[in-house]
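Breakdown of the fold
Now for the letters of each chain:
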Amino acid sequence: LSFLIILTLCLIHVISNILQFAMKALELCPGYDYGDRSLCCDVQQLQTLKGSLQLPLQFLSRCPACFFNLMNLFCELTCSPHQSAFMNGTKFTLFNDTAQNTTNVVEVEYYIGKTFANAMYNACQDVQAPSSNVKALSLLCGKDANDCNATNWIEYMFDIENGQSPFPIIPIFSDVPVSGMTPMNNKTYKCTEGLEDGSGSCSCQDCSPACGPQPVPPPLTPPWTILGIDAMAVIMWIAYVVFLLIFIGAVIGAWCYRKRRIESEYGPILDSNNPHNLNMDASCGEMLGERFESMLRSVFTVWGSFCVQQPLLVILGSLVIVGCCSSGLFYMKITTDPVALWSSPSSQARQEKDYFDSHFGPFFRSEQLIITTTLKSESIYSPYPVGADVPFGAPLDKEVLHQVLDLQTDIENIVASYENETVTLKDICLSPLAPYNDHCTILSVLNYFQNSHEQLDRTKGDEFYVWADYHTHFLYCVNAPASLNDTSPLHDPCLGTFGGPIFPWLVLGGYDGTNYNNATALVITFPVNNFHNDTAKLGKALAWEIEFISFLKNFSNPNLTIAFNSERSIEDEINRESESDISTVVISYAIMFVYISLALGHIHSCKRVLVDSKVSLGIAGILIVLSSVACSLGIFSYAGVPLTLIVIEVIPFLVLAVGVDNIFIIVQTYQRDERMPQEELHQQIGRILGDVAPSMFLSSFSETVAFFLGALSTMPAVRTFSLFAGLAVLIDFLLQISCFISLLGLDARRQEGNRLDILCCVKLPEGQEERTDGFLFRFFKKIYAPFLLKEWVRPIVVAVFVAMLSFSIAVTNKVQIGLDQQLSMPDDSYVLQYFKNLSEYLHTGPPVYFVVKDGHDYLSLEGQNSVCGGVGCNNDSLVQQVYTASLLSNYTTIGFNPSSWLDDYFDWVKPQSTCCRYYNSSGAFCNASVVDTSCVHCRPLTPSGKRRPTGNDFMKFLPMFLSDNPNVNCGKGGHAAYGSAVDLTGNETSVGATYFMTYHTILKDSPDFIDALKMARVLAGNITNTMGHTVFPYSVFYVFYEQYLTIVYDTVFQLVVSLVAIFVVTTVLLGFELWSGVLVSITIAMILVNMFGVMWLWGISLNAVSLVNLVMSCGISVEFCSHIMRAFSISVKSTRVERAEEALAHMGSSVFSGITLTKFGGILILALSKSQIFQIFYFRMYLAMVLLGATHGLMFLPVLLSYAGPSLNKAKVFAANKRYAGTERERLLNF
C-alpha cells in the first residue's frame, strides 16, 4: 500500500511537471508543434526565459506579429529539437557535480537567417511605448530606435552586458549554410498580418505600412499678390489714383463753372435780412432740429443760471454725491490674476480650464532654470571597445554637472517661512508616487544619475580602460528614459528618483536633431503643486517662490550663467513695473495739471496777472475730473466689479482728455463773450452754457454710449474698461455743468472784484479791465482758418489725408496679432533673459492634454477602439489621430506621440505579463516585485483571457493599474505616468473624464502660440466627430491666447458698434441732421483706420491692450470732431466755407489748447518709462491718437465740411436772427 501511495504521488508530481511544462510552453511558444519529438528545455528554462522576456513582452506584445517573431527567435534558441542545425556550442565548463561527468555550455553561436532577422525587425521597428512617448526599441535596443537595426538589436539582446542574457550568445547572420550549419529561418509575420490564433494585425501607430500613404500637410496659402506686388497695396494705389483723378477733375470743373457764371464761391446764398422768408422755406426736419436745439439751449441756460445763483447748494451737493460714490473705493478689489484679466468666465478656454482643474487638479506651478556655461569645455567621448567618437557639449562636462547638481541641491534645501511655519520644496512639490515615494519631481539631466554625486562619478573598467562612465549612461538614458537598467556595465536606472522618466527634450537645450550630446544648455524644472482652492497651501508655495527668486538673484558662479523664472515671476514683475512707472505717470499728469492751471487764464496785462490767472479754477477742474474717476471706481466697487491695472492707468488719461476739453471750451467761451446790456452774471453764464453745453453733451454722451456698448465685449479687460470709462465720462460731464459752472461763477465774481487768484482775500485797486482775444484764438481766426480753407489748399489737404487713409487700409491686414510676454516686462527684468533663452535653447513646447469628457463608454470594445492605438483599434481613433498629427509636427504643432493610459493598461493586464496579479486570499493587488505563491494572475491564460478586458473586468483591474508603481519586473505600472490622467467615479466603479498627453513643438512668439491653439482645436474637433463624444485640447497657455482667435472680429465689432453709437447720438443731438452724423462718423473711422497704419509702422500688435486704446481713441476722436461739427451746424454764415472757417476759428483754438496741447506734454513723458508696454501701447498709441485726432479734427474735417457739409438749417438761422434781434450780435450776424 505504501508503495502504491508513493507511486501515485510520483505520478502526480510527474503529471504536474508535465502540465506545468506544457502550460509554460503554450504561454511562451504558442503554435510550436514538433509532433512526438521531445523539446530541448525544461520548466526551469522556460521560467528563466519568461523572466528575461518580461520587458519585451510588456512593450512589444501590443503588436502581435512583432512579439510572435521575437518569441520565435527565443523559443527556437531554448527549446527547438533542431538546435543542432543552427546552434554551436563554443565554450564549456564542467558541471558542479563532477560525479556526473557532464559539462555546461557557457557560450554558443546562433546561426540566424538574415531574412528572418530583417522580418522580425521590420515588424517591430514602429511599435510605440505610450507612457514614454518614444518607440519601444529605444528601450530594448541599447540605443535610439533611429540607430537600431536588425543585427545590432539581436546582438544587444544576446549580449551578456545587458543583464538579461545568462551567457554570451553570438549571432551569425546568413541566409545560406555556413560552416555546416543551417541558419534558423522560420516563418515570420508582417506587422500588417494577423496570426493563426486569431490575433489581429498591428495598428497603424505600431506599424507604419498599415497606415497607407503618410499624410501631407496642405500647402501654405500663398501671399495675395498682383504682378508680384502685395495685392492690397496695388488695389489701394489704383483706388487712390482713380479718386485723385476724379476729385481733381471735379474741383477744376467746379472752378471753371463758377468762372463762366462769374460767380464766386463766397457769394451770398441766403438773404439773411429776410427772416420771415427763411422760416417759411424751412422743412419739417429743419424745424424739428431747431426745436430740439432750442430745447437743449433753454434747459442748459436755465440750469447754468441756477448753478451760478446757488453755488453753495450745488457745490455742497456735488461734494456729498462724490463722497458717497467714492466711498465705494473701500470695497475696491484689483484683479491681478492674468486668467481673470484676459479670459472671460464664459469663454471656451476658461470653461475647459475649469473642467480640467476640477477633474484632474490645476496645472502645476513651474519653477524653471536654463543654465549655460562660460567654460569652453566641449569634449569627445570614445566608446569602449569600439564605436564612433561622440562630441559632448560644454554643459555636459562632468565638473559642470557637479556644480549644477550642487545648485540643484541648494534649491531643494531652500527654506521659506509662512505664518510662522517653515516651508521646504518637499512641502509643495509634485510627488506622483506619494506616499510610497516622497521624492519631488525634478526634471533635470542629473536625475539620470539619481541626483547623486556618487552616481555621476561611477565608472566600470580595469587598469587600462574605462568600459562605462557617465557618458555611457547619459547616451543610453536619452534614448531610453523609462529604462530601469541601462544595460551597460553600470546597470544604473534612468528613471528619476520620483519614479518617472526624464525626457531629454525637457532637460536639454541647444542641440541639433536628436543629438542630445551636443546640448549647449541644461534645463531644470521644479513642478510645484497648484492649490487654487486652498489659500494656506497656495500661500506656502508663493512664500517658497519668493525665496527661490531671491536665492537665484543672489547666486553667483563664474562658470554658470542662469536664466530663471518662477510661476509668480511675471505677475511680480508686472506689479514692480507698475510701481516703478508711478513716478513717470505722476510727472506726466503733473505736467498736464500745471499746463491746465496756467493755460486757462487769459492775461490782459502784466499788472493783472494775479487777477486774470485761473490757477484755482484749473485745479478745481482737475479735481472734478479726478472725482469723476473716483466716483466711477467707487460705484462699480459697490457692485463688486473688480478693477484692473488697465482701468487705473488708462481711464484718468481718457477722462482728463474729455474733461479738460470741456473746461477749456466753457472758460474760453466765457472769456470771449461780452455781457449783453441789462444782463447779469448768472444770466451771461447761463446763456454761455446754453451755447456750449449741447456740444459738450454731444461729445460726452456719444462717448458714454459708445463705451457702454463696448461692454458687450467678451474680453474682460475691454469690458471692464468700457464700463468704468463710460460712467466716468458721464459723471465728469454732469459735474462740469453743475459744480464747475458754480465755481466759474465764483471765479468770475472774484475777477470782477479785482481779487487775486488763490489769495481771494487780497484785492487790487479798481482798474479798467481790457478784453482782448487770446493768442491761439487770434491765430486760428486770422491766420490758420483762412489759410486752411483757401481754394488751392483744400484739395491738397484732401489728397494728403486720402493718401494716408489708402496707405493705412493697405497695411491694416498686416498688423501683428498677439502680445509677446517680453513686452510686459520692465527693461531691467531678469525674466527677459529667461524668455530669450527659452526661445534660443528649448526644443519642446508646453504639454497639451486631449481631454475626453466623462460619459464615454470604455467598457465596450467599440468604445475602447475609438480611443486606443493598439491592435484592433480604429484607424481614426483618438490616439491614432494625435499620432498622425505628430508626423506633421511642423504643420499641426503636435510634437510627439501621445501617452495612452488605455493602451498601457491593456499591456499591463495581459495574462502573459507579471504586472497584473492579486492575492488569491484577499483579492488585493500584488505588485510584480512581490514574491509570494499566493499571488495569481489577474486573467487566465486562455483565449478569452488574452483578449482585452471589457465590462466588469475592465473596471476590476483599472484601479490596480493606476496604483501600480513601475519596477524592474513591470515597467508598465500606471501610478507615475497616469495617476492623475483618469478620473475614477462612483467609488472607483466607473471611468469619468480622462486625458491623453503629448507636447507641442517649440513655440517662440504669439503667432506660434495662436497657431498651436488653433490646430489643437481643429484636431480635437475631428476626434470629437469620429468618436461621437466631446474631446477638447487643454494647455496652460490656451486661456491667454484664445482671445486672439477672435481678436479681429472683436475689434471690428467694438469699433463698428462705437461708430454706430456715435452716428446715432450725433445725428439726434445735432437736431436730427443725418448728414452731420455721417460726416463725423466718416472722420472718426478715418482716424481709426489710420491708427492701424501707425500700429503697423510702429510695430504695435493687436491685442486686448491695443483694443482698449482703439476704443478709447474712438472716444477721444469724438472730442476732436463733434465740437467742430456742432459749431458748423449752428453757424448762420452764408457759405460752407465761411461756416467751416467760423467753426474752426471759434472751436479750433479751444480744442487745440484743451485736449491737444494738454495731452501732448503728458504723453512725451511716457517715453521715459522703463516699461516696454508703456512705451509701445501707451506712449506710441496715445501720441498717435492725439496727433491723428488733432489733424483730422482741425484740418481734414473743416475742409470736408467746406466741400460737403450739411446745408444751412433755415430754421436755425431764423431762430438766431430772432434771438439776437436788437442786439450788437444782430449787427455782427448781418455784417
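Cut-offs and rules
Residues numbered from 1 in each chain as written. Predicted model: local features only at pLDDT ≥ 70, side-chain atom pairs only at ≥ 80, totals over all residues. Heavy atoms only, no water. Helix = DSSP H or I, 4+ residues; strand = E, 2+ residues; numbered from the N terminus. Buried < 20%, exposed > 50% of the residue type's maximum accessible area, 1.4 Å probe, protein only. Contact = heavy atoms within 4.5 Å. Areas by Shrake-Rupley, 256 points an atom, 1.4 Å probe, with all protein chains shown as cover. Polar contact = N/O pair within 3.5 Å; in protein donor to acceptor, adjacent residues only side chain to side chain. Core = buried A, V, L, I, M, F, W, Y, C linked by side-chain atoms within 4.5 Å. Expected span 1.5 Å × (residues − 1). Bend = angle between axes of the 7 residues up to and from the residue. pLDDT = per-residue confidence, 0-100. Phe/Tyr/Trp six-rings, centres within 6.5 Å; stacked < 30°, edge-to-face > 60°. Lys NZ or Arg CZ within 6 Å of the ring centre and 35° of its normal. Pairing = 2+ DSSP bridges. Axes fitted to C-alpha atoms, helices over the stretch in contact; angles between N-to-C directions. Patch = residues over 30% accessible without salt bridge, like charges linked within 9 Å, V, L, I, M, F, W, Y side chains within 5 Å. Salt bridge = Lys/Arg side-chain N within 4 Å of Asp/Glu carboxyl O.

**Let's talk about the overall build of the chain**
- The secondary structure content of the chain amounts to 46 helices and 25 strands.
- Buried positions account for 54% of the 1231 residues belonging to the chain.
- Across the chain, contacts joining residues at least 24 apart in sequence account for 74% of those joining residues at least 6 apart.
- Only carbon and sulfur atoms are counted for the fraction: they give 61% of the accessible area of the chain, which is about 52,100 Å².

**Quick look at the side chain of Asp126**
- Mapped onto the elements, Asp126 comes out in the loop between helix 6 (114–124) and strand 3 (128–129).
- Taking the relative accessible area as the measure of exposure, Asp126 reaches 8% and is therefore buried.
- Within the local environment of Asp126, its side chain forms a polar contact with the side chain of Ser208, the two groups lying 2.6 Å apart.
- Leave out the neighbours within four places in its chain, and Asp126 touches Lys135, Gln205, Asp206, Cys207, Ser208 and Pro209.

**What about the nonpolar core?**
- Formed by 335 residues in total, the largest nonpolar core has its most connected members in Leu73, Trp153 and Leu508.
- Beyond its immediate sequence surroundings of up to four residues, Trp153 is in contact with Leu60, Leu70, Met120, Tyr121, Cys124, Leu137, Leu140, Cys141 and Cys148.

**Some remarks on unusual backbone geometry**
- Phi at Leu227 is positive, roughly 55 degrees, even though this residue is not glycine.
- Inspection of the secondary structure assignment puts Leu227 in the loop between strand 6 (225–226) and strand 7 (229–230).
- Backbone geometry places Asn420, a non-glycine residue, at a positive phi of 65 degrees.
- Assignment of secondary structure puts Asn420 in the loop between strand 12 (416–418) and strand 13 (421–423).
- Residue classification places Asn420 among the exposed positions, given a relative accessible area of 83%.

**Quick notes on helix 27 (residues 716–752)**
- Taking 1.5 Å per residue, 37 residues should reach 54 Å; helix 27 reaches 51 Å between its end C-alpha atoms and fits that length.
- Remark: the principal bend of helix 27, roughly 40 degrees, maps to Gln736.
- With 29 of 37 residues buried, helix 27 lies mostly within the body of the structure.
- Phi for Asn754, located one or two positions after helix 27, is positive at around 60 degrees.

**Concerning the confidence of the model for the chain**
- Here the chain shows a mean pLDDT of 83. Residues at 70 or above account for 89%.
- Looking over the chain, one finds the lowest element-wise mean pLDDT in helix 46 (residues 1224–1229), namely 46, and the highest in strand 25 (residues 1031–1034), namely 96.

**Some words on the packing of aromatic side chains**
- The full count for this structure, using the stated rule, is 64 aromatic pairs.
- Relative to Phe1037, the ring of Phe1009 has its centre 4.9 Å away and its plane inclined at 75 degrees; by these criteria the two rings are edge-to-face. Linking Phe1009 in helix 38 (residues 1006–1027) with Phe1037 in the loop between strand 25 and helix 39 (1038–1041), this pair joins segments that are 28 residues apart in sequence. An identical accessibility class is assigned to Phe1009 and Phe1037; each is buried.
- For the pair Phe1009 and Tyr1041, a centre-to-centre distance of 4.9 Å together with 15 degrees between the ring planes defines the contact as stacked. Separated by 32 residues along the polypeptide, Phe1009 in helix 38 and Tyr1041 in helix 39 bring together distant segments of the chain. Assigned by exposure class, Phe1009 and Tyr1041 land together as buried.
- Through a chain of ring-to-ring contacts, three or more aromatic side chains come together here, namely Phe356, Phe360, Phe363, Phe364, Tyr849, Tyr995 and Tyr1034.
- In this structure, Lys853 packs its charged tip against the face of Tyr355, placed 5.2 Å from the ring centre.
- The ring of Phe1128 carries Arg1139 above its face, with NZ or CZ at 4.1 Å from the centroid.

**Here we look at the sheet that holds strand 1 (residues 87–94)**
- One open sheet holds the 3 strands; their spatial order is 1-2-5, and the pairing between them is mixed. The open sheet terminates on both sides in strands that have one partner only, identified here as strand 1 and strand 5 (169–173). In this sheet, neighbouring strand axes are inclined to one another by 20 degrees on average, regardless of whether the strands run parallel or antiparallel.
- Direction of pairing for strand 2 (residues 103–112) relative to strand 5: parallel, over a ladder of 5 bridges.

**As for the pairing of strand 20 (residues 844–852)**
- When you tally the buried positions in strand 20, you get 9 out of 9 residues, the bulk of the element.
- Of the pairings in the sheet, the one linking strand 20 to strand 24 (residues 990–1001) comprises 7 bridges and is antiparallel in character. Across the sheet, Pro847 pairs through a bridge with Tyr999, a residue of strand 24.
- Sheet analysis places strand 20 next to strand 25, joined by 4 bridges and oriented antiparallel. What sits directly across from Tyr849, in strand 25, is Tyr1034.

**Overview of the environment of Val629**
- Secondary-structure assignment places Val629 in helix 24 (residues 615–638).
- For Val629 and Leu654, which are 25 residues apart along the polypeptide, the C-alpha to C-alpha distance reads 9.8 Å.
- In this structure Val629 touches Ile651, Pro652, Val655 and Ala728, once residues within four positions along its chain are discounted.

**Considering the sheet that holds strand 16 (residues 508–509)**
- Reading across from one edge, 16-17-9-18 is the order of the 4 strands in this open sheet, with antiparallel pairing throughout. Both edges of this open sheet fall to strand 16 and strand 18 (560–565), since each of them pairs with a single strand only.
- Both strand 16 and strand 17 (residues 521–528) contribute to a ladder of 2 bridges, which runs antiparallel. Across the sheet, residue Gly509 finds its bridge partner in strand 17, namely Ala521.
- Contacting strand 9 (365–373), strand 17 and strand 18, helix 15 (residues 398–412) crosses the sheet at an angle of about 15 degrees to strand 17.

**With respect to a nonpolar patch on the surface**
- Together, Val1048, Val1052, Val1056, Val1060 and Val1064 give the surface a local cluster of nonpolar side chains, amounting to about 390 Å² of exposed area.
- Within the element layout of this structure, Val1052 appears in helix 40 (residues 1047–1069).
- For Val1052, a relative accessible area of 47% puts it in the partly exposed group.

**A look at the environment of Ile635**
- One can find Ile635 in helix 24.
- Taking the C-alpha atoms as reference, Ile635 lies 5.6 Å from Cys325; in sequence the two are 310 residues apart.
- Residues contacting Ile635, with those up to four places away along its chain left out, are Cys325, Leu727 and Ile731.

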